[in-house]
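If you want the building blocks of each chain, they are given just below.
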Amino acid sequence: MRKILLGIAITSALFTSCSSDDDSIDQNPQVEAPLTYKFIRDGKSTVDFNGQTTRIKMAMEFRSALKDNTKSATDLHGMFAHVEGDNDFSDADLNASGKNIRSKVAASKDYFSANTTVSNQIKSLMDSWVEEQATTVFTNWETMATSGTAGQLQQVGGGTVRYVNGKGLELDQAIAKTLIGGLIADQMLNHYLSTSVLDEASNIQNNNNGIVEEGKSYTTMEHKWDEAYGYLYGNEVDPSVPVLGADSFLNTYLKQVDSDPDFAGTASAVYDALKLGRAAIVAKNYEVRDAQVAIIRENISKVPAVRAVYYLQAGKAKMATGDMASALHALSEAYGFINSLQFTREPDSSSPYFTHEEVTVFMDTLMEGQGLWGVTPETLDDMSETIAAKFGFTVAEAAN
Amino acid sequence: MIKNIALVFSLVFMMGCSSSDDSGAGGGGATDDFDRSALLTNLADNIIIPSYQDFGPKLTTLKGSIESFVATPNQSTLQTARRHWLIAYKAWQHVEMFNIGKAEALNEYHFFMNIYPVTISDIETGVSTGNYDLNTPNYHDAQGFPALDYLLYGVADDDAGIVAKFSSDANAQGYKDYLTDVINQMDNLTQQVITDWTTGYRDQFVNSSKNTATSSLNKFVNDFIFYYEKGLRANKIGIPAGVFSTTPLADKVEGYYNGEVSKELALEALNAVQDVFNGKAFSGSATGASFKTYLEYLKVDRNGQNLSAIINAQFNEARTKIQELNSNFSQQIITDNTKMTVAYDALQRAVVYLKVDMVQAFNISVDYVDADGD
C-alpha cells in the first residue's frame, strides 16, 4: 500500500514538473541507468553494433598477420583495406563484409570531415608501415637486429623475440597502438558521441517521437550511441556485461589503466557513463546524455596517455638494464600510443589534448638519427612529463 | 522495494515527458519576422529565371551547331560544336542547383544533364544497335553534357578520328543519331523547365513562404546545400580525389574527355553558389534579400563574427585553393593529389556552417543524411 502511494506521489510530482514547461525535460536530472547495457523496445533489443564487432575482428586478424612472415605486403594491405568478397581473412564472415579498417582510420566527422588531407597523411603513414613490415622486417626475419638493420632481437632470459625495423621500431606495435586511437577512440569520441552525428538531420525529432529506423527497433540516435559502445566492447562474449581484456585494443588497455591503483575506477566510469547516456537518450534528456559524453571523452582519452607514459618509462628502465629487445618493444608501444593522442578529446572542447602537429614532433623526435636505438633517457623523461602534465597526472602515477 | 520505486519513477518520467517536446529542430512554423517572400522573389526574378534564360539560348545554340556537325561532319563544325558545348556547360553550372518545381518533377532534370563519369559501353552499344532509351535511369550516365564530352572529345584518339566516327565509320549514322538524341533530350527538358518558371511556377514559388517541409524556402535551402555537398564538393573534387574511396579516381572528373576544363567548371559552380548565397543578381552586381541578409537579420554570430561573413570567407578560401589547381583535375590528381584534398577540405568547412548553423538559424530541417556509417 505504501509502495503504491509513494509511486503515485512521485508520478504526480513528475507530471506537474514535466507538463508545466517544455524546457524542464532537459533540466530534470532523473534518468536511471539500467544495471547492464540492455535496452528494449516492444520486447525487442534496440542495441546493435555488428559493424563495430566486425572491424575489431578484422583488426585482430590483421594484427596477428603483421607478425606472420609468410604474408606478403599485398596480403597485409588486403586485410587493412579489405574489399568486399576478397579472401583476406580466415573468417568467411569477415571476407563477405563490405567494411574495412582503413576507411575508418582518422575518419571522424568532427576531426576529419574537413581535414581529409591530414587524414590521408595518417593513413599513408600506416600504409608505409604495413609495406615496410613485409618488405624489410619479414625479409630479415632471421637477421640479428642492430641499429640501422632490421631483424630480430630476443628479450633477456629466453624471453619473447621482437622483430624491429632499422630504427628499432616494432611496426606491428606502431600499427596496433595507432588503431586504438586512430580507429577506435576517434570513431567513439569524435564521431558517434558527437552532437554532429547524434543530432544530425532529424535525429532529435525522431528520437523524441520514438520514430525508429526502417525495419529496425532503434532510433538513429540510439544506434549511433550503440556504435560508440560497440567500438569499446564489441568483441566481448557478452557485451552488455563487459569484463574487459576482450581484444588487443582499447578494451584491453582500458583494463590495464584501470588496474593501476592510481587510475582505479576509470573503467567503471566509462561503462556507467555509456549506460546512463544511453538511458538518457531513451528518456530524451540530452543534457544528461551530453554530460556522459564529457565523462567518456575524458576517461577514454586517458588510456593512450597513461599507456604512452608507462611505456616511455618502461623503455627507459629496460634500456638502463641493457635489455634492448624489451626496451625497443616498450618504446614501440609508446610510439603507437603517442600517435593515438591526436585522436583524444578534451571534454567540452572540439580539440584533442595534443594536435596532429604536436604528436608528429614527438614521433619525429623518437625516430631521429638511430631512432629508438639512440633515444636518451632525458628525451624519454621530457616527453613523459609533457604528456602527463597535459592530462593532469604524474609520470610516477603512470609508470608504476 | 527501493528498486521498484526507482523503476516506477523512471518509467513514469519517460512516459510523462514523451509528448512534451516534439517541436524538434525545424519544420514547426516560422519563428521570426524576416520577409521570406522577398528572399524568394529576389531568387526567382533576379537569379533563377535569368540564369535559365541565359542557359536556355546557349543550349539552343549548341543544338544548332551539333545539327551542323551532324549534317556536315568536319574539323570546323566539330570545333564550333565544342566551343558551344563549353559555353553551355558553364551556363549549366548556374542552374544545376535549382532542383525544384519542374526540374524536380521531371524525375530530377539534372540526372539527364550532368551525371558523370559516363558509361561508354552504354553509349557504344546504343550507337551500334540503335537500342536505347534516354528516358530510363539506366541511361542517366550516358547522356547530358558528359555524353557530349565523350562524343565530341573522346570517341576517338584524335580529331580526324572523331570526325571519321560521324562520317566514314560503319556506325556513323548510329553516332549521329545518338548525338542528336542527347542534345534533343537536353533541349526539350530545359525548355520545359524554363517554360514552367515563366508561366506560373514563379508565383507559386514566391508565395510559398511559410516554414513547412514542402514550402519553397525550406526545399530550396535543402536543394542548395545538397548541391553544394554533392554536385560541387563531392562530384567535382571529392570523388576524383579519392575522399570516398581507397584510392584517387582521376577519371571521374567533370569534362574528363575534354581534359582541360574541370577547374573552370568547378570555379563557375562555386561562383554560382556564392552568388545565390549573397542574393547577387545574375545580370549585374545588384544584391537583394538572400541567405546572407536573412542571417544578418537574425544576427547570427559565431565567435563574435557574423556567420554570413564566415561563410563568404570560407567560399573565398575554397576558391583560392581551387585556383591553385591544374586546369585539368585529372592531371592534378596524378601529380599531387594533396592539393585536391586541400581544396576539398576548404569546401567542406563551409558545409557545417551551412548545414548546421545556417539551417538552425532559419529553423529549417535538413531532409537528407550523409550515406555513411555501419
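It should be emphasised that the depicted structure is a prediction, and the values quoted were computed from it without experimental measurement. (Residues numbered from 1 in each chain as written. Chains lettered and ligands numbered in written order. Predicted model: local features only at pLDDT ≥ 70, side-chain atom pairs only at ≥ 80, totals over all residues. Heavy atoms only, no water.)

A.B. asks: Mind showing me how you'd approach the side chain of B:Arg233 here?
C.D. replies: Residues and elements named next belong to chain B. Inspection of the secondary structure puts Arg 233 in helix α9 (residues 216-238). Residue classification places Arg 233 among the buried positions, given a relative accessible area of 9%. Only 2.5 Å separates the side chain of Arg 233 from the side chain of Gln 348, close enough to count as a polar contact. In this structure Arg 233 touches Tyr 228, Gly 238, Phe 244, Tyr 344, Leu 347, Gln 348 and Val 351, once residues within four positions along its chain are discounted. (Helix = DSSP H or I, 4+ residues; strand = E, 2+ residues; numbered from the N terminus. Buried < 20%, exposed > 50% of the residue type's maximum accessible area, 1.4 Å probe, protein only. Polar contact = N/O pair within 3.5 Å; in protein donor to acceptor, adjacent residues only side chain to side chain. Contact = heavy atoms within 4.5 Å.)

A.B. asks: Just checking my understanding: could you explain the packing of helix α8 (residues 171-192) of chain A against helix α11 (residues 220-233) of chain A for this structure?
C.D. replies: The description of two helices packed together rests on the angle between their axes and the distance between the axes. Residues and elements named next belong to chain A. Axis separation between α8 and α11 bottoms out at 9 Å; the angle between their running directions is 160 degrees. It follows that α8 is roughly antiparallel to α11 by the angle criterion. As for how α8 packs across α11, the hand of that crossing is left-handed. Across the interface between the two elements, Leu 183, Ile 184, Gln 187, Met 188 and Tyr 192 of α8 pack against Lys 224, Glu 227, Ala 228, Tyr 231 and Leu 232 of α11. For the contact of α8 with α11, a count of residues per class yields seven nonpolar, one polar and two charged. (Axes fitted to C-alpha atoms, helices over the stretch in contact; angles between N-to-C directions. Parallel < 35°, antiparallel > 145°, perpendicular 65-115°, else oblique. Left-handed = near helix turned anticlockwise from the far one by under 90°. Nonpolar A, V, L, I, M, F, W, Y, C, P; charged D, E, K, R; others polar.)

A.B. asks: When you look at the packing of aromatic side chains in this model, what are you seeing that I'm missing?
C.D. replies: Describing an aromatic ring pair means giving the distance of the ring centres and the angle of the ring planes. Residues and elements named next belong to chain A. With the rule as written, the count across this model stands at 49 aromatic pairs over all chains. Ring plane angle 5 degrees and centroid distance 6.0 Å describe the contact between Tyr 311 and Phe 337, whose orientation is recorded as stacked. Here the residue Tyr 311 occupies a position in helix α14 (residues 286-321), and Phe 337 occupies one in helix α15 (residues 324-340), the gap between them amounting to 26 residues. Here Tyr 311 falls in the buried class, since its relative accessible area comes to 9%. (Phe/Tyr/Trp six-rings, centres within 6.5 Å; stacked < 30°, edge-to-face > 60°.)

A.B. asks: Could you clarify how one ought to interpret the nonpolar core in this entry?
C.D. replies: A:Leu179, A:Met188, A:Leu274, A:Ile338 and A:Ile387 are the most contacted members of the largest nonpolar core, which totals 117 residues. No other element matches α14(A), which puts 13 residues into this core. Contact partners of A:Ile338, with chain neighbours within four places excluded, come to A:Ala308, A:Leu312, A:Val359, A:Phe362, A:Met363, A:Leu366, A:Met383 and A:Ile387. In this structure, B:Phe69, B:Ile194, B:Val261 and B:Phe329 belong to the second largest nonpolar core, which totals 114 residues. (Core = buried A, V, L, I, M, F, W, Y, C linked by side-chain atoms within 4.5 Å.)

A.B. asks: How should the UniProt feature "domain: Imelysin-like" (unreviewed entry) in chain B be read in this particular structure?
C.D. replies: The feature "domain: Imelysin-like" (unreviewed entry), as annotated in UniProt, sits at residues 48-348 of chain B in this numbering. Span residues 48-348 of chain B is 64% helix and 1% strand, its end C-alpha atoms 25 Å apart. (UniProt positions renumbered as here; feature names shortened; annotations may be inferred.)

A.B. asks: Just to check I follow, could you spell out the pattern of salt bridges for this structure?
C.D. replies: Any two side chains of opposite charge can pair, on the condition that their charged atoms come close. Residues and elements named next belong to chain A. This structure, assessed with the given rule, holds 29 salt bridges over all chains. For Glu 222, the salt bridge goes to Arg 278, with nearest N and O atoms at 3.9 Å. Highlighted residues: Glu 222 in helix α11 and Arg 278 in helix α13 (residues 266-282), separated in sequence by 56 residues. In this structure, Glu 222 and Arg 278 share a single accessibility class: buried. (Salt bridge = Lys/Arg side-chain N within 4 Å of Asp/Glu carboxyl O.)

A.B. asks: Teacher, can you tell me more about the confidence of the model for chain A here?
C.D. replies: It should be kept in mind that the predicted coordinates are not to be read in detail where pLDDT is low. Confidence in the prediction for chain A averages 93 pLDDT; 93% of positions are at 70 or higher. Low confidence marks residues 1-27 of chain A, where pLDDT is under 50. Its contacts with residues over four positions away, or in another chain, come to 30 contacts. (pLDDT = per-residue confidence, 0-100.)

A.B. asks: Just to check I follow, could you spell out helix α12 (residues 250-259) of chain A for this structure?
C.D. replies: Two residues of an α-helix separated by three or four positions point the same way, owing to the 3.6 residues in each turn. The set of residues buried in α12(A) consists of A:Leu250, A:Asn251, A:Thr252, A:Tyr253, A:Leu254 and A:Val257. Of the surrounding secondary structure, the elements contacted by the buried residues of α12(A) are α8, α11, α13, α14 and α15 of chain A.

A.B. asks: How should α13(A) be read in this particular structure?
C.D. replies: For α13(A), which comprises 17 residues, the first-to-last C-alpha distance of 25 Å matches the rise-based estimate of 24 Å (1.5 Å per residue) to within 8%. The element α13(A) is largely enclosed, with a buried count of 13 among its 17 residues. (Expected span 1.5 Å × (residues − 1).)

A.B. asks: Is there a simple way to think about the packing of helix α3 (residues 50-65) of chain A against α8(A) in this case?
C.D. replies: Residues and elements named next belong to chain A. Look at α3 against α8: their axes get within 11 Å of each other, and the N-to-C directions meet at 170 degrees. Classified by the interaxial angle, the pair formed by α3 and α8 is roughly antiparallel. Residue-level inspection shows Gln 52, Arg 55, Ala 59, Phe 62 and Arg 63 of α3 in contact with α8, the latter providing Ile 175, Ala 176, Leu 179, Leu 183 and Tyr 192. Partitioned by chemical class, the residues of the contact of α3 with α8 number seven nonpolar, one polar and two charged.

A.B. asks: Could you clarify how one ought to interpret the environment of A:Asn140 in this entry?
C.D. replies: All names here are of chain A. Locating Asn 140 in the fold gives a position in the loop between α7 (116-137) and β3 (151-154). On a C-alpha basis, the gap between Asn 140 and Ala 150 in space is 6.2 Å, while along the polypeptide they are ten residues apart. Sequence-distant contacts of Asn 140, defined by excluding residues within four places in its chain, comprise Thr 149, Ala 150, Gly 151 and Gln 152.

A.B. asks: Any chance you could explain unusual backbone geometry here in plain terms?
C.D. replies: The bulk of non-glycine residues show a negative phi, and the bulk of peptide bonds are trans. Residues and elements named next belong to chain B. With an omega dihedral of 0 degrees, the bond running from Tyr 116 to Pro 117 counts as a cis peptide bond. Within the secondary structure, Pro 117 sits in the loop between α4 (102-105) and α5 (120-129). Not every positive phi belongs to a glycine, and Asn 107 is a case in point at roughly 55 degrees. Structurally, Asn 107 is set in the loop between α4 and α5.

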